[in-house]
Amino acid sequence: MTNTEQRPPASGPARPIALITGVGRSIGIGAGIARRLAATGWDVAFTYWTPYDRRMEWGAEPGAAASIEKELAEAGARTAAIEADLTDPDAPTRIFDEAEQRLGGQVTALVLSHAESVDSGLLDTTVEAFDRHFAVNSRASWLLIREYGLRFRGAPGTTKGTTPSTAPGTATGRIVALTSDHTVGNLPYGASKGALDRITLAAAHELAHLGVTANVVNPGPVDTGWMNDELRETLVRGTPLGRLGTPLDTAHLVGFLCSPEGQWVNGQLLKSNGGAAS
């Protein structure tokens, strides 16, 4: 596990800390969420895993973590970039240790935007690919949520049954996971994301006593460089608003869920897809 960090001079009230997984590319959804949270008053720790991007057809983006950190710091955030292999069951504990140590406080919001996604169907999926998808998309997500639940101690006014404070740095706990309903021709990805849904929605009930909300967001088709022209045209035709989603579309919803105004939304699977047919 490797890391970098940016620490601009501290000023003003303390900023809450968000931990965002899967921020490996500057055009990705995770990076869009990180920018949005940084712009709205959060310090940001994020994870990335370069070997995954190298395996994919788009390849790794040289210097992406440092570039994203620089953007977030310019928005006033302290940042910590943590390279972590989420197939390792010990990684979640180390990620939280680093985030808390380097940013100087507990993680208030956990946003799960990482993914293993290699297309294969019922007949051609290998056992190795199936297990890797579930290790990253399901098991790591459970372990991250569990680690969050073991560590989170709330803030003033965040106990169950009370109205949370809206003062800076005192937001209640938040868990937001990104999912997908894609299954045909993408079986291990869709199945493991389905398991992620159930894990996250369980957290909405099992962590309620901590003042934590947990929701799942399905961003629908978002073009982050992985679509070919034919697929892009097909998806645009199937979307009533006549365009594809962008990382910023997803980031706006995640930002709302992480805000004090979003505290009453809990245990939901929300679609932010422009009305695209499932």
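Residues numbered from 1 in each chain as written. Predicted model: local features only at pLDDT ≥ 70, side-chain atom pairs only at ≥ 80, totals over all residues. Heavy atoms only, no water.

Caption draft 1: Fine view of the pattern of salt bridges. On inspection of all chains with the given rule, the structure shows 11 salt bridges. Here Arg15 makes a salt bridge to Asp43, at a shortest N to O gap of 3.0 Å. Remark: Asp43 occurs in strand 3 (residues 43–48) and Arg15 occurs in the loop between strand 1 (2–6) and strand 2 (17–21); sequence separation between them is 28 residues. Look at Arg15 and you get partly exposed, because its relative accessible area is 24%. On the accessibility criterion, Asp43 (2% relative accessible area) is buried. Bridged by salt links that share partners, the residues Asp97, Glu100, Glu147 and Arg151 form one connected network. (Salt bridge = Lys/Arg side-chain N within 4 Å of Asp/Glu carboxyl O. Helix = DSSP H or I, 4+ residues; strand = E, 2+ residues; numbered from the N terminus. Buried < 20%, exposed > 50% of the residue type's maximum accessible area, 1.4 Å probe, protein only.)

Caption draft 2: Local environment of the packing of helix 4 (residues 91–103) against helix 5 (residues 127–151). The contact between helix 4 and helix 5 brings their axes to 9 Å, and the two run at 45°. Judged by the angle between their axes, helix 4 and helix 5 are oblique. Along this stretch, helix 4 crosses helix 5, giving a crossing that reads as right-handed. Residues Pro92, Thr93, Ile95, Phe96, Asp97 and Glu100 of helix 4 touch helix 5, and the partners they reach there are Ala140, Leu143, Leu144, Glu147, Tyr148 and Arg151. In terms of residue class, the contact of helix 4 with helix 5 is made up of 7 nonpolar, 1 polar and 4 charged. (Axes fitted to C-alpha atoms, helices over the stretch in contact; angles between N-to-C directions. Parallel < 35°, antiparallel > 145°, perpendicular 65-115°, else oblique. Left-handed = near helix turned anticlockwise from the far one by under 90°. Contact = heavy atoms within 4.5 Å. Nonpolar A, V, L, I, M, F, W, Y, C, P; charged D, E, K, R; others polar.)

Caption draft 3: Up close: the confidence of the model for the protein chain. Per-residue confidence for the protein chain gives a mean pLDDT of 87, with 88% of residues at or over 70. Low pLDDT, under 50, characterises residues 156–171; the stretch is placed with 24 contacts to residues that sit more than four places away or in other chains. (pLDDT = per-residue confidence, 0-100.)

Caption draft 4: Main features of the pairing of strand 3. Within strand 3, 6 of the 6 residues are buried, which leaves the element mostly enclosed by the surrounding structure. Burial along strand 3 is two-sided: Asp43, Ala45 and Thr47 and Val44, Phe46 and Tyr48, pointing in opposite directions, are all buried. Examined bridge by bridge, strand 2 and strand 3 share 4 bridges and lie parallel to one another. Opposite Ile20, over in strand 3, you have Phe46 as the bridge partner. Relative to strand 4 (residues 79–83), strand 3 runs parallel, the two sharing 5 bridges. Paired with Thr47 across the two strands is Ile82, which belongs to strand 4. (Pairing = 2+ DSSP bridges.)

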